[in-house]
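# Descriptive analysis of the structure
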Amino acid sequence: MKDLKDLVRPNVWNMKPYSSARDEFQGNASVFLDANENPFNRPYNRYPDPLQWELKKKIAEIKGVKRESIFLGNGSDEPIDLIIRAFCEPSIDSIVSIAPSYGMYEVAANVNNVEFRKIKLDEKFDLDTDSLLEAANDWVKVIFLCSPNNPTGNNLSRDRLYKVLNTFQGIVVIDEAYVDFSIEPSFLGELDKFPNLIVLQTMSKAWGAAGIRLGMAFASPEIIAILNKIKYPYNVNLLTQERALYMLENKEQMEKQLRSILSERIRLQAALPELNCVRKIYPTDANFILVEVTNADTIYKNLVRQGIIVRNRTNVTMCNGCLRITVGKSDENDALLEALKKM
């Protein structure tokens, strides 16, 4: 990895971050007259902890990382945006990612006026490592990789990910939004080995909390400090922090739901190939299945008319004729299968 100072945008490296009232105070107090808050309607009259230390303590315990290696944001989209803003000079630097993959990497790059280069996956939806690294010239600061990948559902080859981490001198982001559904271990255990690694995870998928919008980025304390430097002061509201802490303290509930989803995934993987309209299902390590069907547009519209919403991915790179189907509860999956039997 290059020296962090050489990767971070000079204006970001040199800037003085905004200092909130709660940043300036350390310790215990009973009278708060510093932040122009309304003294009534506790606890929601108070600004939330800008660095979410209590919540990070619980996440650190569950994930096996240091609190200082955790960044919390408004969904994973916030750290994705902040990573680009921290490391990529608009109109100068570039990003490399894969296709097909999660669309927000490209959206965030475009918003920040940063060139976005896409390298197609191979025929097995795995990394073409040589092409990826060839595209990562001196102007490329960040590589975004999603594993398990969306919309394909598969894990990217671990050996190929290691090759990228060992070869590329910039920042490598591995988005693990679906890692809880996979038998492959997280890359969190590799943070100490790779100072250029950022791992993204989320409360939206396995934890069943997409509505609270809590994303997690894990990296070296030095990289996390850069992200904290440029984030909005109170980016994670108190209601989100409270709900996330409650869910993390009741981890067994998530584990129960996870077992149900994995069981239903197995059932769908067995049932879908038996349907006349299904041509192929792809291997998956996520909570969804990429399914090639006889006529994606027609089948999608027919499902919508019956109140069943899947994702039509037929216009996405390498996904011609495919629907992405999320694994639901048993009755939802039954309704889907019954509808598809008639198509």
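Residues numbered from 1 in each chain as written. Predicted model: local features only at pLDDT ≥ 70, side-chain atom pairs only at ≥ 80, totals over all residues. Heavy atoms only, no water.

## A few points about the overall build of the protein
Selection rule: A helix here means a DSSP run of H or I that spans at least four residues, while a strand means a run of E at least two residues long, and both kinds are numbered starting from the N terminus. Based on C-alpha atoms, the radius of gyration is set beside the globule rule, defined as 2.2 Å times the residue count to the power 0.38. Buried, partly exposed and exposed residues are distinguished by accessible area as a fraction of the type maximum, computed with a 1.4 Å probe on protein chains only: under 20%, between the cut-offs, and over 50%, respectively. Working rule for contacts: check all heavy atoms of both residues, and any pair within 4.5 Å makes them a contact.
When helices and strands are counted, the protein shows 13 helices and eleven strands. Against the 2.2 N^0.38 benchmark of 20 Å for 343 residues, the protein shows a C-alpha radius of gyration of 22 Å, consistent with a compact globule. In terms of principal-axis extent, the alpha carbons of the protein reach across some 65 × 50 × 30 Å. By the burial criterion, 53% of the 343 residues in the protein qualify as buried. Long-range pairs, those at least 24 residues apart, make up 69% of the contacts in the protein between residues at least 6 apart in sequence.

## Some details on the environment of Ile98
Structurally, Ile98 can be placed in strand β2 (residues 94–99). Each C-alpha atom, one on Ile98 and one on Phe25, is 44 Å from the other, the two residues being 73 residues apart in sequence. When neighbours within four sequence positions are excluded, Ile98 is seen to be in contact with Ile119, Leu121, Leu127, Leu132, Phe144, Leu145, Cys146, Asn149 and Leu156.

## Looking at helix α4 (residues 53–63)
Residues of α4 that are buried include every one of Leu55, Lys56, Lys58, Ile59, Ala60 and Lys63, and no others. On its buried face, α4 sits against β1 (70–73), β6 (197–202), β7 (215–218), α9 (221–230) and α10 (238–248). Just downstream of α4 lies Gly64, where phi reads positive at about 75°.

## Some points on the pattern of salt bridges
Defined as follows: The term salt bridge refers to a pairing of a side-chain nitrogen on Lys or Arg with a carboxyl oxygen on Asp or Glu at a separation within 4 Å.
If you walk through the whole model with that rule in mind, you get 16 salt bridges. Put simply, Asp122 and Arg160 hold a salt bridge, and the shortest N to O gap is 3.0 Å. Taken together, the residues Asp122 in the loop between β3 (115–120) and α7 (129–135) and Arg160 in helix α8 (residues 158–167) connect sequence positions 38 residues apart. On the accessibility criterion, Arg160 (31% relative accessible area) is partly exposed. Within the structure, one salt-bridge network assembled from shared partners comprises Asp122, Asp126 and Arg160.

## Description of the sheet that holds β6
To keep things clear, this is the line we draw: Paired strands, in this sense, are two strands between which DSSP finds at least two bridges. Convention adopted: a line fitted to C-alpha atoms gives each axis, helices being fitted over their contacting stretch, and angles between N-to-C directions are expressed from 0 to 180 degrees.
Taken in spatial order, the seven strands line up as β1-β7-β6-β5-β4-β2-β3 in an open sheet, and their pairing is mixed. The strands lining the two open edges of the sheet, one partner per strand, are β1 and β3. The average undirected angle you get between the axes of adjacent strands in this sheet is 20°. Here β6 pairs with β7 via four bridges, running antiparallel. Looking at β7, one finds that Gln201 is bridged to Met216. Along the sheet face, α4 touches β1, β6 and β7 and points at about 120° away from the line of β1. Packed on one face of the sheet, helix α6 (residues 104–111) meets β2, β3, β4 (140–146) and β5 (171–175) and runs near 155° to β3.

## Examining the pairing of β1
Of the two faces of β1, the one lined by Ile70 and Leu72 and the one lined by Phe71 and Gly73 are each fully buried. Direction of pairing for β1 relative to β7: antiparallel, over a ladder of four bridges. Each bridged residue has a counterpart across the sheet, and for Leu72 the counterpart in β7 is Met216.

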